[in-house]
Amino acid sequence: MNIKNLTSTTQMFDAVFQGETGVLASYLIRGEKTALVDPGPPVQAAQILQELKRLGETIDVLAITHIHLDHAAGTWNILQEHPGCKVIVHPRGARHLIDPSNLLDAALKQFKGEMPPYGEVKGVSPDAIVESEDEMPIDLGDTQLQVIWTPGHSTHSQSFFEKENRTLFVGDAAGQIISDHVLPASPPPFNSDQTIESIDRMMRLKPSMICISHFGYREDAMSYLGDFKERAELWKKLSFESLDD
């Protein structure tokens, strides 16, 4: 597990997956209360829990960017150790955290019957779930987050904006960085129009830092988002041209 301080309120947790770091980041945001953005799959959530225990941290809020298994399947692990924690999830995703059977079926199809080593996936209690609203505030005491619905990667994608340090946590809504190459994180049903609209919403916030799940953070958030928008528009254009051929 690698941990990096990003701002006065935020740390990046880089847990090991299949023997590697630099695959999937979770982000810890501290105020008078503490939030964790995306616990990851159970094998990574277990590592985060060990580190939280070492630090003496209690998680009050789990902020879920979307409910794909690599981002949210470890929710039950966190709740098992932090039972008072509330899970902020898009309304379209809430029922899948409670009963992940459809998610597991879809993942099996996507991975052609051979699941990645995520660990055991369990549902969570409906009592822990808070269905988000667009632009909903999340009060951590002296630190404030805001929910921003950012569909495109999925219909249930949402981002979280930490206002004081102008830090934006986007999950997969602004692509992924692999070996310095920016790529779409786009399993079905990726929607290019919604992606571009969501990027415009993000840019109107004028973030300074953007925190991406796969993988890492950028301190040139506006430049990154502008470049990603251009790429998304190009991917859309090439997709339509391929259909015309």
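Up top is the structure.
Owing to the predicted nature of the structure, the values given are computational and were not obtained by experimental measurement.

Draft legend 1. Main features of the packing of aromatic side chains. Counting across every chain of the model gives three aromatic pairs. Look at Tyr-224 and Phe-228: their rings are 6.4 Å apart centre to centre, the planes differ by 5 degrees, and that puts the pair in the stacked class. Placement of both Tyr-224 and Phe-228 in helix H7 (residues 221-244) is noted, with a separation of four residues, approximately one turn of the helix. By the burial criterion, Tyr-224 is buried, and Phe-228 matches it. One cation-aromatic arrangement involves Lys-122 over Trp-76; the distance from NZ or CZ to the ring centre is 4.4 Å.

Draft legend 2. How the structure looks around empty space enclosed by the protein. Evaluation of the coordinates by the stated rule reveals two cavities of 30 Å³ or more. The volume enclosed by the largest cavity comes to roughly 60 Å³. Forming the boundary of the largest cavity are 13 residues, of which Ala-72, Ala-73, Leu-97, Pro-100 and Lys-122 lie nearest the centre. Those elements giving two or more residues to the lining of the largest cavity turn out to be helix H2 (69-72), helix H3 (75-81) and helix H4 (91-98). Classifying every residue of the lining of the largest cavity by side-chain character gives 10 nonpolar, two polar and one charged.

Draft legend 3. Highlighting helix H6 (residues 192-204). Taking 1.5 Å per residue, 13 residues should reach 18 Å; H6 reaches 19 Å between its end C-alpha atoms and fits that length. Among the residues of H6, Ser-192, Thr-195, Ile-196, Ser-198, Ile-199 and Met-202 are the ones counted as buried. Projected down its long axis, H6 carries its buried residues within an arc of 160 degrees, all on one side. Of the residues in H6, the exposed ones pointing more than 90 degrees away from the buried face are Glu-197 and Arg-204.

Draft legend 4. Region of the structure containing H4. Listed in full, the buried residues belonging to H4 are Gly-93, Ala-94, His-96 and Leu-97. Those residues of H4 that are buried lie in contact with H2, H3, strand S6 (86-89), helix H5 (101-110) and strand S7 (129-131).

Draft legend 5. Spatial organisation of the sheet that holds strand S5 (residues 61-63). Overall, mixed pairing links the seven strands, which are arranged S1-S2-S3-S4-S5-S6-S7 in an open sheet. Two strands lie at the open edges of the sheet, namely strand S1 (2-5) and S7, each paired on one side alone. Neighbour to neighbour, the strand axes of the sheet diverge by 25 degrees on average, direction disregarded. In the sheet, S5 pairs with S6 via three bridges, with the strands oriented parallel. Counted as the bridge partner of Ala-63 is Ile-88 from S6. Contacts from helix H1 (residues 42-55) reach S1, strand S2 (10-14), strand S3 (25-30) and strand S4 (34-37) within the one sheet, and its direction differs from that of S2 by about 135 degrees.

What counts, and at which threshold
- Residues numbered from 1 in each chain as written.
- Predicted model: local features only at pLDDT ≥ 70, side-chain atom pairs only at ≥ 80, totals over all residues.
- Heavy atoms only, no water.
- Phe/Tyr/Trp six-rings, centres within 6.5 Å; stacked < 30°, edge-to-face > 60°.
- Helix = DSSP H or I, 4+ residues; strand = E, 2+ residues; numbered from the N terminus.
- Buried < 20%, exposed > 50% of the residue type's maximum accessible area, 1.4 Å probe, protein only.
- Lys NZ or Arg CZ within 6 Å of the ring centre and 35° of its normal.
- 1 Å grid on protein atoms, 1.4 Å probe; cavity = no way out; pocket = protein on both sides within 12 Å on 5 of 7 lines; lining within 4 Å.
- Points joined across faces, edges and corners; volume = space filled by probe spheres on them.
- Nonpolar A, V, L, I, M, F, W, Y, C, P; charged D, E, K, R; others polar.
- Expected span 1.5 Å × (residues − 1).
- Arc of directions from axis to C-beta.
- Contact = heavy atoms within 4.5 Å.
- Pairing = 2+ DSSP bridges.
- Axes fitted to C-alpha atoms, helices over the stretch in contact; angles between N-to-C directions.

Such coordinate-based values are descriptive only and should not be taken to indicate function.
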